[in-house]
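Each chain is listed here by its residues.
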Amino acid sequence: MKKLSSSIESYIRALCPDADKLIASTKRNANYVEGIRTVWKDELAAKMILEHTNAFYIREDDRPKKGMFKDRPYILCEICIDDPAIRSEVDTRRELLTLALKKSGLSFDELIIKPARRGMRDRHPFKDPTR
């Protein structure tokens, strides 16, 4: 018997040609939420961090590289957070968050925590819609 999730993924792929990107992005976002909740056991703290997260990306670094590994892709995990105090808290537990994200299935070389700027501050993909 086919799993419901695989049936939904097949249906989405049939509707949208970029469905693979959408599905991968949704899985990465779910892994991010899981990683935050693993590091911050207090539900209120985890919720606050997620509400102030404006973007979560995993992408290849396009800057030129030198050295013997210059041809190897270097993968960045970027988190944009609008509140300086929360950004500082996430930065304090950066290594624990890196381990939690990698344990949840994400693969990257470096975790970068960035301030949200301009229009990015209006995005809240992890905010609870019931609030």
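Residues numbered from 1 in each chain as written. Predicted model: local features only at pLDDT ≥ 70, side-chain atom pairs only at ≥ 80, totals over all residues. Heavy atoms only, no water.

Trainee: I keep staring at the sheet that holds strand S2 (residues 75–81) and nothing clicks. Help me out?
Mentor: In any sheet, the strands associate via hydrogen bonds between backbone groups, in a parallel or an antiparallel arrangement. The strand order across the open sheet formed by three strands is S1-S2-S3, and the pairing between neighbours is mixed. Across the chains shown, the open sheet's two edge strands, defined by having one partner strand only, are strand S1 (53–60) and strand S3 (110–115). For this sheet the average axis-to-axis angle between neighbouring strands, irrespective of direction, equals 20°. Note: S1 against S2, seven bridges, orientation antiparallel. Bridge pairing links threonine 53 to isoleucine 81 in S2. (Pairing = 2+ DSSP bridges. Helix = DSSP H or I, 4+ residues; strand = E, 2+ residues; numbered from the N terminus. Axes fitted to C-alpha atoms, helices over the stretch in contact; angles between N-to-C directions.)

Trainee: Just checking my understanding: could you explain the environment of isoleucine 36 for this structure?
Mentor: Its location among the elements puts isoleucine 36 in helix H2 (residues 19–39). What makes isoleucine 36 buried here is its relative accessible area of 0%. Put simply, isoleucine 36 and phenylalanine 108 are 72 residues apart on the chain and 16 Å apart in space, counted from C-alpha to C-alpha. With sequence-adjacent residues up to four places away left out, isoleucine 36 is seen in contact with Ala46, Ile49, Leu50 and Leu97. (Buried < 20%, exposed > 50% of the residue type's maximum accessible area, 1.4 Å probe, protein only. Contact = heavy atoms within 4.5 Å.)

Trainee: How should unusual backbone geometry be read in this particular structure?
Mentor: Only a minority of non-glycine residues have a phi that is not negative, and only a minority of peptide bonds are not trans. With a phi close to 45°, arginine 118 is a non-glycine residue in the positive phi region. By the element assignment, arginine 118 lies in the segment after S3.

Trainee: Please clarify how the nonpolar core should be interpreted in this entry.
Mentor: One recurring pattern in soluble globular proteins is that nonpolar side chains are buried together. Tyr32, Ile36, Trp40, Phe56, Val90, Leu97 and Leu101 are the most contacted members of the largest nonpolar core, which totals 22 residues. Mapped by element, the contributors of at least two residues to this core are H2, helix H3 (43–51), S2, helix H4 (84–92), helix H5 (94–103) and S3. Of all the elements, H2 adds the most residues to this core, at four residues. For tyrosine 32, the contacting residues outside a window of four places in its chain are Ile49, Leu50, Thr53, Phe56, Ile79, Leu101 and Phe126. (Core = buried A, V, L, I, M, F, W, Y, C linked by side-chain atoms within 4.5 Å.)

Trainee: I would appreciate a short explanation of the pattern of salt bridges in the present structure.
Mentor: Oppositely charged side chains can form a pair if their charged atoms are brought close together. Counted according to the given criterion, the structure contains seven salt bridges. Across the pair aspartate 109 and arginine 72 runs a salt bridge whose closest N-O atoms are separated by 2.9 Å. One end of the pair, aspartate 109, is in the loop between H5 and S3; the other, arginine 72, is in the loop between S1 and S2, with 37 residues separating them in the sequence. Among the salt bridges present, the one from glutamate 78 reaches lysine 114, with a minimum N-O distance of 4.0 Å. Of this pair, glutamate 78 sits in strand S2 while lysine 114 sits in strand S3; the two residues are 36 residues apart in sequence, bridging distant segments of the chain. Classification of glutamate 78 by relative accessible area gives buried; the value is 6%. According to the relative accessible area criterion, lysine 114 is partly exposed, its value standing at 32%. (Salt bridge = Lys/Arg side-chain N within 4 Å of Asp/Glu carboxyl O.)

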